[in-house]
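A closer look at the structure
Below, each chain spelled out in residue letters.
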Amino acid sequence: MAPAARTAHPHPPRASRVNRPAVPAPVPRSAHLRRLLRAFADTPLILWHYATHPRRIGAVAPSSRFLAQAMARWVPIPPNGYVLELGAGTGAVTEALLARGVSPDRLVAVEAMPRLVEVLQKRFPGIHVLQGDARQLRQLLRQRLGPDTPVAAIVSSLPLRAFSPEDRRQVVHEIHRLLAPGQGWIQFRYRLRHEPSLHWPGFRIRQTMVVWWNIPPARVVLYERTTEPWPDEKTFSTASRTAKPS
C-alpha cells in the first residue's frame, strides 16, 4: 500500500506577533550637550537665589535630568486635566514633563521668583507660567485659567522642609484641595531616609525611590490623595511634629 501523500505548505506558518513596548528614540548627543551647558549656566542663578531667599529656593544647583525624569515618570499620560509644577525654577523638571508627553497647553509652571519666571517664559513659550505663591495656589489658577480648573497631577520641587509649619500646612492644604481622591502629588526631598516625616495627613505613599545622580542625591515620593477629610489645625500640627517634613 502506497504511503499517504504529504500536503505541501506553499508558505511556512507565520510566527505570532508579539506586542513590544515602544522604544523611545535616542536623544542626540547635541541635546545632551545643550542640557549640560544650560545646567552650568543656570547654576550661578540658582545659587544666587538660594543665598538671598533660602526659604524659597531649596537647591544649590538645577535638578539633574535623572531627578527630573524620575519625577515626570509618574505623571499620567495623557493627563485628564492640567499638570501643575510647583517651584519650576529654571525648567529642568518642566523639560522632562514635556518630554514625557504632557502637552504644553496642559502644563502649568508656578514660580515665585520674578527672574526665574522670565527664564521659564523664554524657554517654554507654549506653557502656562504663573508667578505667585503656592500658598494661594487655587486663587492663582482661578485668576489665570478660570474657576473649577481640572487638575490631573501635581509635581513639586518646593523646599517644604525650609518652610514654617504654618506655611507647610497651607501649601499641603492647597494641594489636597486641588486633587481628587486617587490622584497623585509627586515631591522630592534631600533627606534620603524612609522615615515618618515622609507621611502627610490626607495622603498615602504609593511609590518612592532615591536618585543618586543629583547634587545632592534626592528621594522622590509619589503620594496619592485619600478620601480622608482634611485634618484640623491641631491634628495637622501634631502629625507634623512627629518628624520634620521633607
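Residues numbered from 1 in each chain as written. Predicted model: local features only at pLDDT ≥ 70, side-chain atom pairs only at ≥ 80, totals over all residues. Heavy atoms only, no water.

**So, the overall build of the protein**
What counts, and what does not: Note on conventions: DSSP H or I runs of at least 4 residues are helices, E runs of at least 2 residues are strands, and numbering of each starts at the N terminus. Here, residues are in contact when the closest pair of their heavy atoms is within 4.5 Å. For every accessible area listed, the method is Shrake-Rupley and the probe measures 1.4 Å; residues are considered covered only by the protein chains on display.
Helix and strand content of the protein: 7 helices and 7 strands. When its helices and strands are written in sequence order, the protein yields α-α-β-α-β-α-β-α-β-α-β-β-β-α. Taking all contacts inside the protein whose residues are at least 6 apart in sequence as the whole, residues at least 24 apart take part in 67%. Approximately 14,500 Å² of the protein is accessible, and the part contributed by carbon and sulfur atoms is 55%.

**Quick look at the side chain of His128**
Relative to the assigned elements, His128 resides in strand S3 (residues 128-131). Sequence-distant contacts of His128, that is, excluding residues within four places in its chain, are made with Tyr82, Pro104, Asp105, Leu107, Val108, Ala109, Arg144 and Leu145.

**What to know about the packing of aromatic side chains**
Two aromatic rings are characterised by how far apart their centres lie and by the angle between their planes. Stated precisely, the cut-off is as follows: Any Phe, Tyr or Trp ring, taking Trp's six-membered ring, that has another such ring centre within 6.5 Å forms a pair; planes under 30 degrees apart are called stacked, those over 60 apart edge-to-face, and the others tilted. For each residue, the accessible area found with a 1.4 Å probe, counting protein chains only, is set against the maximum for its type, and the residue is called buried under 20%, exposed over 50%, and partly exposed in between. We count a charge as sitting over a ring when the NZ of a lysine or the CZ of an arginine lies within 6 Å of the ring centre and within 35 degrees of the ring normal.
Within the structure shown, the criterion is met by 6 aromatic pairs. Judged by centre distance (6.2 Å) and plane angle (40 degrees), the rings of Phe66 and Trp213 are tilted. Residue Phe66 is found in helix H2 (residues 65-72), and its partner Trp213 is found in the loop between strand S6 (203-211) and strand S7 (218-225); the two are separated by 147 residues along the sequence. Between Trp185 and Phe203, the ring centres sit 5.0 Å apart and the planes meet at 70 degrees, which makes this aromatic pair edge-to-face. You can see Trp185 sitting in strand S5 (residues 184-189) and its partner Phe203 sitting in strand S6, a full 18 residues away along the chain. Accessibility classification places Trp185 together with Phe203 in one group, the buried group. The structure contains a cluster of three or more aromatic residues connected by ring pairs, namely Trp185, Trp200, Phe203 and Tyr223. One residue, Arg106, lies across the ring of Tyr82, its end atom 4.9 Å from the ring centre.

**Notes on the sheet that holds strand S4 (residues 151-156)**
Stated formally: The pairing criterion is simple: DSSP has to find at least two bridges between the two strands. As a rule, the C-alpha atoms of each element are fitted with a line to give its axis, helices using only the stretch in contact, and angles between N-to-C directions run from 0 to 180 degrees.
Read across the open sheet, the 7 strands follow the order S3-S2-S1-S4-S5-S7-S6; overall the sheet is mixed. Of all the strands in the sheet, just S3 and S6 have a single pairing partner and so form its edges. Across the sheet, the mean angle from the axis of one strand to that of its neighbour is 20 degrees, orientation sign disregarded. Sheet topology note: the S4/S5 ladder contains 4 bridges and is parallel. The residue of S5 that forms the bridge with Ser156 is Gln187. Sitting on the sheet, helix H4 (residues 114-123) is in contact with strand S2 (107-111) and S3, with an inclination near 175 degrees to S3.

**Examining helix H6 (residues 165-178)**
Note the threshold: Multiply 1.5 Å by the residue count of a helix minus one, and that product is the helix's expected span.
Here H6 spans 20 Å end to end across 14 residues, near enough to the 20 Å set by a 1.5 Å rise per residue. Every buried residue of H6 is accounted for by Arg168, Arg169, Val171, Val172, His173, Glu174, Ile175, His176 and Leu178.

**Points about the environment of Arg138**
Structurally, Arg138 can be placed in helix H5 (residues 137-145). For the pair Arg138 and Ile175, spaced 37 residues apart in the sequence, the C-alpha separation amounts to 8.8 Å. Sequence-distant contacts of Arg138, defined by excluding residues within four places in its chain, comprise Glu174, Arg177 and Leu178.

**Here's the deal with the confidence of the model for the protein**
Close inspection of predicted coordinates is inappropriate in any region flagged by low pLDDT. Short version of the rule: Looking at any residue, its pLDDT shows the predictor's confidence there, from 0 to 100.
Looking at the protein, pLDDT values average 79 and 70% of them are 70 or higher. In this model residues 11-25 is a low-confidence stretch, pLDDT under 50, and it forms 0 contacts with partners more than four residues away in sequence or in other chains. Per-residue pLDDT stays below 50 along residues 45-51; that stretch engages in 20 contacts with residues further than four places along the chain or on separate chains.

**Some remarks on the side chain of Glu111**
Worth spelling out the cut-off: Polar contact is defined as a pair of N or O atoms within 3.5 Å, subject to the rule that within protein one atom must be able to donate a hydrogen and the other to accept it, and that residues adjacent in sequence are counted only when both atoms are side-chain atoms.
Tracing the sequence through the fold places Glu111 in strand S2. For Glu111, the side chain forms a polar contact with the main-chain nitrogen of Met113, separated by 3.1 Å. Residues contacting Glu111, with those up to four places away along its chain left out, are Gly87, Ala88, Gly89, Leu116, Val117, Leu120, Leu130, Gln131 and Gly132.

**Observations concerning the packing of H5 against H6**
How we decide: Roughly parallel means an angle under 35 degrees; roughly antiparallel means over 145; roughly perpendicular covers 65 to 115; every other angle is labelled oblique. Lys, Arg, Asp and Glu make up the charged group, whereas Ala, Val, Leu, Ile, Met, Phe, Trp, Tyr, Cys and Pro make up the nonpolar group; the residues left over, Gly among them, are polar.
Look at H5 against H6: their axes get within 8 Å of each other, and the N-to-C directions meet at 50 degrees. One finds that H5 runs oblique with respect to H6. Contacts between H5 and H6 involve Leu137, Arg138 and Leu141 on the former and, on the latter, Glu174, Arg177 and Leu178. For the contact of H5 with H6, the residue count by class is 3 nonpolar, no polar and 3 charged.

**Here we look at the packing of H2 against helix H3 (residues 92-100)**
Operational definition: Crossings are assigned a handedness: left-handed for a near helix turned anticlockwise from the far helix by less than a right angle, right-handed for a clockwise turn.
The N-to-C vectors of H2 and H3 enclose an angle of 50 degrees; their axes lie 8 Å apart at closest approach. Considered as vectors, H2 and H3 are oriented oblique to each other. Handedness of the crossing formed by H2 with H3: right-handed. Residues Ala68, Gln69, Met71 and Ala72 of H2 form the contact with H3, whose participating residues are Ala92, Val93, Ala96, Leu97 and Arg100. Considering only residue class, the contact of H2 with H3 consists of 7 nonpolar, 1 polar and 1 charged.

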